[in-house]
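# Reading the structure
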Amino acid sequence: MKKILEMKNISKEFPGVKALSGVNLTIYHGEVMALLGENGAGKSTLMKILTGVYQKTAGEIYLNGKLVKFNSINDSQKAKIGIIHQELNLIPNLTIAENIFLGREPINTFKKIDWNKLYSEADQLLDLLNMKISSKELVINLSIGQRQMVEIAKTLSLDAQIIIMDEPTDALTDKETESLFKVIRSLRSQGKSIVYISHRLEEIFQICDRATILRDGQFIEEKEVKDLDQNEIIEKMVGRKISEQFPTVKVKKGNVALEVNGLTNKFVKNVSFKLQQGEILGIAGLMGSGRTELAKTICGAIKKESGEILIEGERVNISSTQEAIKKGINYVSEDRKKDGLVLGLSVKENMSLSSLKEFTNQFSKIDSIEEEKVVDYYIKSINIKTPSKNQLIKNLSGGNQQKVCISKSLMCKPKILILDEPTRGIDVGAKKEIYDLINNLKKEGLSIIMISSEITEILGMSDRILVMHEGRISGELPENEATQETIMSYAVGIKEEK
């Protein structure tokens, strides 16, 4: 197979940190190369070097056999290398088409933007991605999944020959994911080369031809996917054997901690359920089914129109997240960077942000010694990997950022913890640590609601599962009766409890 691009012995050093050491990556004509590794393995750093965001400390890059150097993103784009970032980079108040061609708008003979051509070409790209939406729609009105597809359309518009996809399906529905896979197969058949980064290992076997595995900033192996299995990939990524991914923890359940009766607003319809102490209640459903909206209604971020919420048998009225925290309910958002963290603050500042009153003395001053003591406890007890509690949170891996989000909630001493997509964008090693943490909280008697798009995660962690469809509870399944097939039947509305 013809080599299109080679990165040889790439090293990258930051002050005090060696992020990459002698890493190799080969990209082949008309193939999909999986780039695999835990968070912090060096995947993003390597891709930033390839696209000109970072400059390598050592090593060479060859494009079609010629030594090249990319000093900027413009350089890599001119070389027909495009990247679809995991973090969305769109302007909400512009249309889809304006976002796709921002800075590259087609110009007519009068040196004006050719709006007809702009929208026509954007519509063609959306049609290619099977998006049944006008390119004149404002981005602000799109779901997360639709916005991700716009990012993909933006990169396709560059006519890139090498396309880097960083967690492209992280926010996509199953239908959107299948549409993307069709596009990838089409691009591959046209001779384009794709670097595919994903923590969803099942996707690697569906769409990738080869895999390059990194660990701790070093090259481990390149191998054809057909010669790999999932356990081998995991072991090479983490450098050790992973025992049972979803360890079953049986806990004697306590009293009812949360009771929801007839909860209704424009997002959820007549939702009722109970949650006991020491129970993990999984909530499954397709994107748009109302899972997140249900969580936000319970914790006061979205107003309820009718229905009641009882905590430990006492009826409560919750009109804000602050009130929810006071009543013992804490919500960990599905979008940690947007709703869970202040990226410009340190690990310590983020962790204690919601519980500063706990550290305020009689003179209304923060007792920093006590604050640091508690922060140190959580860093150690749940194994948050950070050089210091004063490290900026934006510099931590996704898994460690997620641990900080959970720690921030735990410092508020909740009775009920709602985890929305707790392992989104997290590698297999960090996922196992998050699962162990959740199970330990369950052992301590905490009541947990876990929302997840990963059915295996829901099945593996939940004591009981609620399935949502179009804002309603379409099914309730005890652990021993739940299967992927029954969950999906309820999720798509084929089955519904009477």
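Anything mentioned here points back to the structure above.
This text gives an overview of the structure that appears in the document. Predicted, not measured: the structure shown is a model, and the values here were computed from it. (Residues numbered from 1 in each chain as written. Predicted model: local features only at pLDDT ≥ 70, side-chain atom pairs only at ≥ 80, totals over all residues. Heavy atoms only, no water.)

### Notes on the overall build of the chain
Per the secondary structure count, the chain includes 17 helices and 20 strands. Here the chain has a C-alpha radius of gyration of 24 Å; the compact-globule value for 498 residues is 23 Å, and the two agree. A principal-axis box enclosing the C-alpha atoms of the chain has dimensions of 70 × 50 × 50 Å. For the chain, the residues scored as buried account for 51% of the 498 residues in total. Across the chain, contacts joining residues at least 24 apart in sequence account for 65% of those joining residues at least 6 apart. (Helix = DSSP H or I, 4+ residues; strand = E, 2+ residues; numbered from the N terminus. Rg over C-alpha atoms; globule rule 2.2 N^0.38 Å. Buried < 20%, exposed > 50% of the residue type's maximum accessible area, 1.4 Å probe, protein only. Contact = heavy atoms within 4.5 Å.)

### Examining the environment of Lys408
For Lys408, the location among the structural elements is in helix H14 (residues 398-410). A relative accessible area of 14% places Lys408 in the buried class. Separated by 60 residues in sequence, Lys408 and Lys348 have C-alpha atoms that sit 9.4 Å apart. The residues contacting Lys408, other than those within four sequence positions of it, are Gly340, Asn350, Met351, Leu353 and Ser354. At 2.7 Å, the side chain of Lys408 forms a polar contact with the backbone oxygen of Gly340. (Polar contact = N/O pair within 3.5 Å; in protein donor to acceptor, adjacent residues only side chain to side chain.)

### Concerning the pairing of strand E14 (residues 306-311)
Two elements, strand E11 (residues 256-264) and E14, share five bridges in a ladder whose sense is antiparallel. Pairing of Glu259 across the sheet is with Leu310, part of E14. (Pairing = 2+ DSSP bridges.)

### Some words on the pattern of salt bridges
Using the criterion set out here, one finds 31 salt bridges in the structure. The shortest N-O distance in the salt bridge between Glu433 and Lys385 comes to 3.5 Å. Placement of the pair is Glu433 in helix H15 (residues 428-443) and Lys385 in the loop between helix H13 (368-381) and H14, with a sequence separation of 48 residues. When its relative accessible area of 48% is taken as the criterion, Lys385 is described as partly exposed. Salt bridges sharing common partners tie together Glu221, Lys223, Glu232 and Lys236. (Salt bridge = Lys/Arg side-chain N within 4 Å of Asp/Glu carboxyl O.)

### So, helix H8 (residues 230-238)
Of all the residues in H8, the buried ones are Ile233, Ile234, Met237 and Val238. All buried residues of H8 lie within an arc of 110° about the axis, which places them on one face of the element. Considering only its buried residues, H8 is in contact with strand E3 (32-36), helix H7 (201-207), strand E9 (210-215) and H15. Where H8 begins, the capping side chain belongs to Asp229, and its oxygen is found 3.2 Å from the backbone nitrogen of Asn231. Residue Gly239 follows H8 closely and has a positive phi angle near 75°. (Arc of directions from axis to C-beta.)

### What to know about the pairing of E11
Where E11 meets strand E12 (residues 271-276), five bridges bridge the pair, whose relative direction is antiparallel. Opposite Leu263, over in E12, you have Val271 as the bridge partner.

### Description of the sheet that holds strand E15 (residues 314-316)
Spatial ordering of the open sheet is given by E12-E11-E14-E15, a layout of four strands whose pairing is antiparallel. Single-partner strands in this sheet number two, and they are E12 and E15. For this sheet, the mean angle separating the axes of adjacent strands, direction not counted, is 20°. Packing of helix H9 (residues 291-298) onto the sheet brings it into contact with E11, E12 and E14, and relative to E11 it is tilted by some 110°. (Axes fitted to C-alpha atoms, helices over the stretch in contact; angles between N-to-C directions.)

### Some points on unusual backbone geometry
One non-glycine residue, Asn64, lies in the positive phi region at around 50°. Following the sequence through the fold, Asn64 ends up in the loop between strand E4 (58-63) and strand E5 (66-68). A relative accessible area of 47% means that Asn64 is categorised as partly exposed. You will see that Lys80, though not glycine, has its phi angle at about 65°, which is positive.

### Some remarks on the packing of aromatic side chains
As enumerated under the stated definition, the model contains three aromatic pairs in all. Measuring from centroid to centroid gives 5.2 Å for Phe14 and Tyr54, while their planes differ by 75°, and the two rings are edge-to-face. With Phe14 in strand E1 (residues 3-14) and Tyr54 in the loop between helix H1 (43-50) and E4, this residue pair connects regions lying 40 residues apart in the sequence. Relative accessible area serves as the criterion here: at 25%, Tyr54 is assigned to the partly exposed category. When the centroid spacing of 5.1 Å and the interplanar angle of 75° are considered together, the rings of Tyr377 and Tyr378 count as edge-to-face. Over the face of the ring belonging to Tyr119 we find Lys136, whose NZ or CZ atom lies 5.4 Å from the ring centre. The ring of Tyr28 carries Arg210 above its face, with NZ or CZ at 4.1 Å from the centroid. (Phe/Tyr/Trp six-rings, centres within 6.5 Å; stacked < 30°, edge-to-face > 60°. Lys NZ or Arg CZ within 6 Å of the ring centre and 35° of its normal.)

### Structural notes on the nonpolar core
Formed by 47 residues in total, the largest nonpolar core has its most connected members in Leu36, Ile184 and Tyr196. Setting aside residues up to four positions removed in sequence, Leu36 forms contacts with Lys43, Ser198, Leu201, Ile204, Ala211, Thr212, Ile213, Leu214, Ile233 and Met237. If you look at the next biggest cluster of nonpolar residues, it comprises 40 residues, including Tyr378, Ile406, Leu410 and Ile487. (Core = buried A, V, L, I, M, F, W, Y, C linked by side-chain atoms within 4.5 Å.)

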